[in-house]
Amino acid sequence: MPAITATTPGKIILFGEHAVVYGQPAIAVPVNQVKARAIISPGIGQPSGWIYLQAPDIDLEGTLEDIPHDHPLVIAIKEVLQETGIEQPPAMIVRITSTIPVAAGLGSGAAVSVAMIRALSEFLGVILSDERVSQMTFEVEKIYHGTPSGIDNSVITYQQPIYFSRGDGTNSPQMEIIRVKKPFTLVIGDSGIPSPTASTVGDVRKAWQVNKTVYQELFQKTGRITEQARTAITKGNNELLGPLMDANQELLGKMGVSSPELDHLIHAARETGAQGAKLSGGGKGGNMIALASPEIAHQIAGALSEAGAVRTIITTVE
Ligand code: PMV
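This one's a predicted model, so the numbers in the text were calculated from it and none came from an experiment.

Reading guide: rules and limits
Residues numbered from 1 in each chain as written. Predicted model: local features only at pLDDT ≥ 70, side-chain atom pairs only at ≥ 80, totals over all residues. Heavy atoms only, no water. 1 Å grid on protein atoms, 1.4 Å probe; cavity = no way out; pocket = protein on both sides within 12 Å on 5 of 7 lines; lining within 4 Å. Points joined across faces, edges and corners; volume = space filled by probe spheres on them. Helix = DSSP H or I, 4+ residues; strand = E, 2+ residues; numbered from the N terminus. Nonpolar A, V, L, I, M, F, W, Y, C, P; charged D, E, K, R; others polar. Pairing = 2+ DSSP bridges. Axes fitted to C-alpha atoms, helices over the stretch in contact; angles between N-to-C directions. Contact = heavy atoms within 4.5 Å. Domains from an automatic or database assignment. Near = heavy atom within 4 Å. Polar contact = N/O pair within 3.5 Å; in protein donor to acceptor, adjacent residues only side chain to side chain. Buried < 20%, exposed > 50% of the residue type's maximum accessible area, 1.4 Å probe, protein only. Expected span 1.5 Å × (residues − 1). Buried area = accessible area lost by both parts, 1.4 Å probe. Salt bridge = Lys/Arg side-chain N within 4 Å of Asp/Glu carboxyl O.

Caption draft 1: Focus on the layout of surface pockets. There is about 310 Å³ of room inside the second largest pocket. Lining the second largest pocket we find 15 residues, and of these Ser 134, Asn 153, Ser 154, Phe 164 and Pro 173 sit closest to its centre. Listing elements by their share of the lining of the second largest pocket, those giving two or more residues are helix H3 (130–145), helix H4 (151–158) and strand S7 (174–177). Sorting elements by how many residues they give to the lining of the second largest pocket places H3 first, with five residues. Partitioned by chemical class, the residues of the lining of the second largest pocket number five nonpolar, seven polar and three charged.

Caption draft 2: Region of interest: the sheet that holds strand S9 (residues 276–280). Read from one edge to the other, the open sheet built from four strands follows the order S9-S10-S8-S11, with strand pairing classed as antiparallel. With partners counted over all chains shown, the strands left at the sheet margins are S9 and strand S11 (311–317), one partner each. The sheet shows a mean angle of 25° between the axes of neighbouring strands, taken without regard to direction. Packed onto the sheet, helix H7 (residues 241–255) meets strand S8 (184–190), S9 and strand S10 (287–292) and runs at close to 45° relative to S9.

Caption draft 3: Structural detail: empty space enclosed by the protein. Under the criterion given, the structure shown has one cavity of 30 Å³ or more. By volume, the largest cavity amounts to about 40 Å³. Ala 103, Ala 104, Gly 105, Ser 195, Thr 197, Ser 280, Gly 281, Gly 282, Gly 283, Gly 285, Gly 286 and Asn 287 together form the lining of the largest cavity. For the lining of the largest cavity, the class distribution of residues is two nonpolar, ten polar and no charged. Both of domain 1 (4–177) and domain 2 (184–317) provide at least three residues apiece to the lining of the largest cavity.

Caption draft 4: Here's a closer look at the site of the ligand. Surrounding the ligand, one finds 16 residues, the nearest of these being Lys 11, His 18, Ser 149, Thr 197 and Gly 282. Contacts to the ligand include Gly 105, whose backbone N or O atom sits 3.1 Å from an oxygen atom. Gly 282 has a polar backbone atom sitting 3.0 Å from an oxygen atom of the ligand. Elements supplying a minimum of two residues to the shell around the ligand: strand S1 (4–15), H4 and helix H5 (197–210).

Caption draft 5: Quick look at unusual backbone geometry. Of note in this structure, Gln 159 is not a glycine but carries a positive phi near 55°. Relative to the helices and strands, Gln 159 resides in the loop between H4 and strand S6 (162–165). Positive phi, close to 60°, is recorded for Lys 284, a residue that is not glycine. Relative to the elements of secondary structure, Lys 284 occurs in the loop between S9 and S10.

Caption draft 6: Local environment of the pairing of strand S3 (residues 51–55). Among the five residues in S3, four count as buried, and that is most of the element. Of the strand pairs in this sheet, S3 and strand S5 (residues 92–98) are connected by four bridges, and their pairing is parallel. What sits directly across from Tyr 52, in S5, is Ile 93. In textbook terms, the turn of a hairpin is the stretch between consecutive antiparallel strands, and for S3 and strand S4 (residues 60–63) this stretch comprises four residues, one of which, Asp 59, has a positive phi near 55°.

Caption draft 7: The side chain of Ser 113, seen in detail. Looking at where Ser 113 falls in the secondary structure, it is placed in helix H2 (residues 108–123). With near-sequence residues (within four places) excluded, Ser 113 lies in contact with Thr 137 and Val 140.

Caption draft 8: Representation of H2. With 16 residues, H2 ought to run about 22 Å at 1.5 Å a step, and its terminal C-alpha atoms sit 22 Å apart, in line with that. Positive backbone phi, at 85°, marks Gly 125, one or two positions downstream of H2.

Caption draft 9: Structural context of the domain arrangement of the chain. Taken domain by domain, the chain comprises domain 1 (4–177) and domain 2 (184–317). If you look at the interface, domain 1 gives 28 residues, while domain 2 gives 44 residues. It is Phe 15, His 18 and Tyr 22 in domain 1 that bury the most area against domain 2; as a group they hold 27% of the surface buried on that side. Run the count over domain 1 and domain 2 and you get two salt bridges. Across the salt bridge formed by Lys 278 and Glu 17, the nearest N and O atoms sit 2.9 Å from each other. The interface formed by domain 1 and domain 2 contains eleven residue pairs in polar contact (both at pLDDT 80 or more). Taken together, the elements giving at least two residues each to the side of domain 1 that touches domain 2 come down to S1, strand S2 (26–42) and H3. The biggest single contributor to the side of domain 1 that touches domain 2 is S2, with six residues. In terms of residue class, the side of domain 1 that touches domain 2 is built from 20 nonpolar, six polar and two charged.

This is the structure we're talking about:
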């Protein structure tokens, strides 16, 4: 039995974070400069049912029994076994590696789950549909996020720019792959401040509970920006995207999820000639993104590093 490898990209949210949890649409794109990888190889000489997990990036190593049962990786493995109906799988070593920073809004959790679910199911001789991989990842995501919208598992499963809406609870999630008419360049800057998504999503929920009218309006305005952005991307009107990013950032600030550090990076990017900039993901830390012409992307990345970014990534959305 040969080893099986599956690799997935990271992602960033371009428009609509937080509002998407409340039924508004959002846009997310893959980031191919960072990757999660799962390699499943046979556990030679070990009895069937023996599963040995190695995830050096998070210092996790041991047999399935040694690792807490509610660990997302353990849950993902069990989901695959259940899905494939295989109770006693052949002995195997599951190795997970990732260059996607954790808790930075780059989708590390979903990327690891998608890679794992794809590699393990293939190792067991079952090819799952993208839709099923995405659904199973969503189940695992609930452990990371509490109330995830479903956008991370979708963009990472399909590895294409997506327009996503979870619906209002009465209808099912809607996902469309966005055809990008004219490629555009983004500079991603990591504030270096870890910010688990579950905590910012929880903070927004508390604030929404106290002030539903105000938050509902912020979410709706965000939704309209996202719609305009989708049209601009599909028509190639990229010059509209920068101002839309700025407008989205203003609303995110009002939701209470920006931070002085993110504001500082966003300001530095705009000062250096970015056409627009905003935080991306849960906020209060993690990453920001800036829209840049390819000629000055490196200059903006340099300005972000000088302004305190611990990592920058230049990526093209196409
Ligand atoms: O922090 P990230 O990039 O994983 O994304 C969080 C996006 C939210 O809209 C805040 C939450 C969600 O589940 O969509």
